[in-house]
Amino acid sequence: QVQLVESGGGLVQPGGSLRLSCSGSGFSFRYSDFGWYRQAPGNQRELVASITSEGRTDYADAVKGRFTISRDNPKSILSLQMNNLKPEDTAVYYCKLGKKYWGQGTQVTVSS
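(A) Representation of the environment of Val-108. As for its placement among the helices and strands, Val-108 is situated in strand E11 (residues 106-110). Owing to a relative accessible area of 0%, Val-108 belongs among the buried residues under this scheme. Through-space distance from the C-alpha of Val-108 to that of Gly-8 is 8.5 Å; in sequence the pair is 100 residues apart. In contact with Val-108, not counting residues within four places along its chain, are Gly-9, Gly-10, Leu-18, Leu-20, Met-82, Asp-89, Thr-90, Ala-91 and Tyr-93.

(B) Region of the structure containing the pairing of strand E9 (residues 91-97). Among the 7 residues that make up E9, 6 are buried, leaving the element largely enclosed by the rest of the structure. For strand E4 (residues 34-39) and E9, the ladder comprises 6 bridges, and the chain directions are antiparallel. Residue pairing across strands places Phe-34 opposite Leu-97, the latter belonging to E9. Of the strand pairs in this sheet, E9 and strand E10 (residues 101-102) are connected by 2 bridges, and their pairing is antiparallel.

(C) The arrangement of unusual backbone geometry in detail. One non-glycine residue, Ser-76, lies in positive phi territory at about 55°. By the element assignment, Ser-76 lies in the loop between strand E7 (67-72) and strand E8 (77-82). Positive phi is not limited to glycine here, since Asn-84 has a value of about 50°. With a relative accessible area of 43%, Asn-84 lands in the partly exposed category.

(D) Structural context of the environment of Ile-51. Tracing the backbone through its elements, the reader meets Ile-51 in strand E5 (residues 46-51). Taking C-alpha positions, Ile-51 is 9.0 Å from Ser-32, a pair spaced 19 residues apart along the chain. Each residue touching Ile-51, except ones within four places of it in the same chain, is listed here: Asp-33, Phe-34, Arg-56, Thr-57, Ile-69, Ser-70, Arg-71 and Leu-78.

Scoring rules and cut-offs
Residues numbered from 1 in each chain as written. Predicted model: local features only at pLDDT ≥ 70, side-chain atom pairs only at ≥ 80, totals over all residues. Heavy atoms only, no water. Helix = DSSP H or I, 4+ residues; strand = E, 2+ residues; numbered from the N terminus. Buried < 20%, exposed > 50% of the residue type's maximum accessible area, 1.4 Å probe, protein only. Contact = heavy atoms within 4.5 Å. Pairing = 2+ DSSP bridges.

Laid out in structure tokens, this is it:
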């Protein structure tokens with residue numbers, strides 16, 4: 001069955017960096033499109049970044065220039081490098097496979 005497992009969240013000070021990973025199994029990773037989403041308390045889940053099977057990327061305006069989405073097909077790992085983090089980046093971050101499958105989420109807290 002499809003499994004998506006996120007890791008790498010935590011507490012970081014403003015201006016700091018974190019790298020999130022999403023390990024996938026049970027499907028053809030290299031032929032799949034992915035997205036990173038986040039949901040802050042009281043807010044709707046929003047798309048942060050996406051990457052196609054061909055490697056095309058797209059970013060929400062709020063994270064452009066700070067976040068980088070990437071994929072390692074041989075290792076079946078999706079990553080999100082987050083730099084210059086801001087308090088408003090605080091949320092639970094989820095990876096999503098295609099239109100249907102979600103990981104369990106990982107908490108990112110940006111606070112001094």
